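Chain by chain, the residues run as shown.
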Amino acid sequence: MPMAMAFAEYGGPEVLTPLEVAEPVPGPGQVRVSVRAAGVNPLDAKLRSGAMAGAWQVEMPFVPGSELAGTVDAVGDDVHDLSVGEAVMGLGAHCYAEQALADRDRVARIPEGMDVEHAAAVPVAAETAWRALETLRVGAADTLLVHGAGGVVGAMTVRFALARGARVVGTASAAAVPRVAALGAMAVTYGEGVAERVRETVPGGVDAVLDTSGADVIGESVELAGSPERVLSVVDAEAARRYGARFSSSPGDPVDHAAAGLAQAVALHRAGALHLPIHAMFPLAEAAEAHRALAAGGLSGKIVLSVS
């Protein structure tokens, strides 16, 4: 039986323990992936801790994880364009495991030159970035402000927006500012006075704002954009509601942006314009340590679980 990491009760990282699970069987339009790497995301920790219990009930024991990279080892009915043995990355369910299921239209072939660890860091950030830019209708005529541009989702959004021809201003910690500038954004240090620094950087103002930081920036962002219509948070629903701005989450969006986001990430990789730093790698059995590293913050990139 495949091995997974699961929690049978809400709590700290220590509740993540090994569990043998039944071999998943792909349904119509699905593929089963022999997982070689799985991304670790804040949502995983929120589900584990019970912070999402009021909005998202899970059946325990629960195997977290929503992004993976590995090899197709079975396909369901109606899947004719992927074969067993092909290397893929994408969004799936219960990915902290040796095997996981994913919808065919939520996975993409891993492009040449990308290893599985970096491939596992792509899907959530790519889907989120593409969804955000579509929601904000960002185009070549726009100046976009990205809060948290030093993070994985923020950095992906910067790259995606630049590919659309937009100008991008990115806020980040002092340590991450050089990294954000290297992406091609106009980098601004966040914290007290950030709005004034943004105005100095782009005197003409910004057309749209994306918050990936959750750092209580929505009020200032509405002022910078001139209205809440093109201000979006993907992390702070309460603040978005308070200021009349927008909030977006993947499960709540009527359009599935996974395929488009993955396609854009692959295109950028092939053009040599996709940079995905890995902060740390942990074996699957050390998922609890990966969650502790996530909680500690100060990340320079993605945390990824390696599945042998």
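The sections below set out a description of the structure shown in this document. Just so it is clear, the structure is predicted and the values come from calculations on it, not from any experiment. Sequence positions are assigned chain by chain, starting from 1 and proceeding in written order. With pLDDT at 70 or above as the cut-off, local features in this predicted model cover only qualifying residues; side-chain atom pairs require 80 or more to be listed or tallied, and sums for whole chains, interfaces and linings still use all residues. Neither water nor hydrogens contribute to the side-chain values; these are computed over all heavy atoms in the structure.

Focus: the overall build of the chain
Helices and strands together make up the secondary structure of the chain, namely 10 helices and 15 strands. Relative to the globule expectation of 19 Å for 308 residues, the C-alpha radius of gyration of the chain, 19 Å, shows essentially globular dimensions. Principal-axis analysis of the C-alpha atoms places the extent of the chain at approximately 60 × 40 × 35 Å. In the chain, which comprises 308 residues, the share counted as buried stands at 52%. Contacts in the chain between residues at least 24 apart in sequence constitute 64% of all its contacts with a sequence separation of at least 6. In short, Shrake-Rupley with a 1.4 Å probe defines the accessible areas, and a residue's cover is counted only from the protein chains shown. Accessible surface for the chain amounts to roughly 13100 Å². Of this, 52% is attributable to carbon and sulfur atoms. In summary, the charge assignment counts Lys and Arg as positive and Asp and Glu as negative, without counting His or the chain termini. In this description, the location of a charge corresponds to atom NZ of lysine, CZ of arginine, CG of aspartate or CD of glutamate. Taken as two groups, the 22 positive and 36 negative side-chain charges of the chain have centres that lie 6 Å from each other. The numbering of helices and of strands both runs from the N terminus, where a helix is a DSSP run of H or I of at least 4 residues and a strand a run of E of at least 2. For the radius of gyration, the atoms used are the C-alpha atoms, and the globule rule reads 2.2 Å times the number of residues raised to 0.38. Relative accessibility thresholds used throughout: buried, under 20% of the residue-type maximum; exposed, over 50%; partly exposed, between the two (1.4 Å probe, protein chains only). Any two residues having at least one pair of non-hydrogen atoms within 4.5 Å are treated as being in contact.

Overview of the pattern of salt bridges
One side-chain nitrogen of Lys or Arg within 4 Å of one carboxyl oxygen of Asp or Glu is enough to make a salt bridge. Under the counting rule described, the total for this entry stands at 15 salt bridges. Linking Asp216 and Arg242 is a salt bridge whose minimum nitrogen-to-oxygen distance equals 4.0 Å. In this pair, Asp216 sits in the loop between β11 (208-211) and α7 (218-225) while Arg242 sits in helix α8 (residues 237-243), placing the two residues 26 residues apart along the sequence. Overall, the relative accessible area of 54% leaves Asp216 in the exposed class. Accessibility expressed as a relative area gives 48% for Arg242, which makes it partly exposed.

Re the side chain of His257
Counting through the fold element by element, His257 comes out in the loop between β13 (246-247) and α9 (258-270). Apart from the residues lying within four places of it in its own chain, the contact partners of His257 are Glu127, Trp130, Arg131 and Glu134.

Some words on the pairing of strand β10 (residues 186-189)
Pairing between strands is defined by DSSP: at least two bridges between them are needed. Examined bridge by bridge, strand β9 (residues 167-172) and β10 share 4 bridges and lie parallel to one another. What sits directly across from Thr171, in β10, is Val188.

Brief notes about the sheet that holds strand β8 (residues 143-147)
One open sheet accounts for 6 strands, arranged β10-β9-β8-β11-β12-β13; its pairing is parallel. Either end of the sheet is taken by a strand with one partner, and the two such strands are β10 and β13. Pairing of β8 with β11, which is carried by 4 bridges, proceeds in the parallel orientation. Residue pairing for β11: Leu144 is matched across the bridge by Ala208. Most of the contacts of helix α4 (residues 152-163) go to β8, to which it runs at about 170 degrees, and overall it touches β8, β9 and β11. Angles run from 0 to 180 degrees between N-to-C directions of axes, and those axes are lines fitted to C-alpha atoms, restricted for helices to the stretch in contact.

Concerning helix α10 (residues 287-296)
Buried within α10 are the following residues: Ala287, Ala288, Ala290, His291, Ala293 and Leu294. Among the structural elements, β1 (3-6), β3 (30-40), α1 (42-49), β14 (278-283) and β15 (302-306) are those in contact with the buried residues of α10. Gly297, located one to two residues past α10, shows a positive phi value of around 75 degrees.

Overview of unusual backbone geometry
Here the residue pair Met60 and Pro61 is connected by a cis peptide bond, since its omega of 0 degrees sits within 30 degrees of zero. Looking at the secondary structure, you find Pro61 in the loop between α1 and β4 (67-75). A positive phi angle is found at His94, which is not glycine, with a value near 55 degrees. Structurally, His94 can be placed in the loop between β5 (87-91) and β6 (99-103). The phi dihedral of Arg137 is positive, around 55 degrees, even though this residue is not glycine. Residue placement: Arg137 occurs in the loop between α3 (123-136) and β8.

Remarks on the packing of helix α6 (residues 194-201) against α7
It is the contact of α6 with α7, at a shortest axis distance of 10 Å, that shows an interaxial angle of 25 degrees. Considering the angle they form, α6 stands roughly parallel to α7. α6 and α7 meet at a crossing whose hand is right-handed. Across the interface between the two elements, Val194, Ala195, Val198 and Arg199 of α6 pack against Glu220, Glu223 and Leu224 of α7. Side-chain classes follow a simple rule in which Ala, Val, Leu, Ile, Met, Phe, Trp, Tyr, Cys and Pro form the nonpolar group, Asp, Glu, Lys and Arg form the charged group, and the remainder, Gly included, forms the polar group. Here the residues of the contact of α6 with α7 are counted per class, giving 4 nonpolar, no polar and 3 charged. Small angles under 35 degrees read as roughly parallel and large ones over 145 as roughly antiparallel, with 65 to 115 read as roughly perpendicular and the rest as oblique. Each helix crossing is assigned a hand: it is left-handed if the near helix lies turned anticlockwise from the far helix by less than a right angle, otherwise right-handed if that turn is clockwise.

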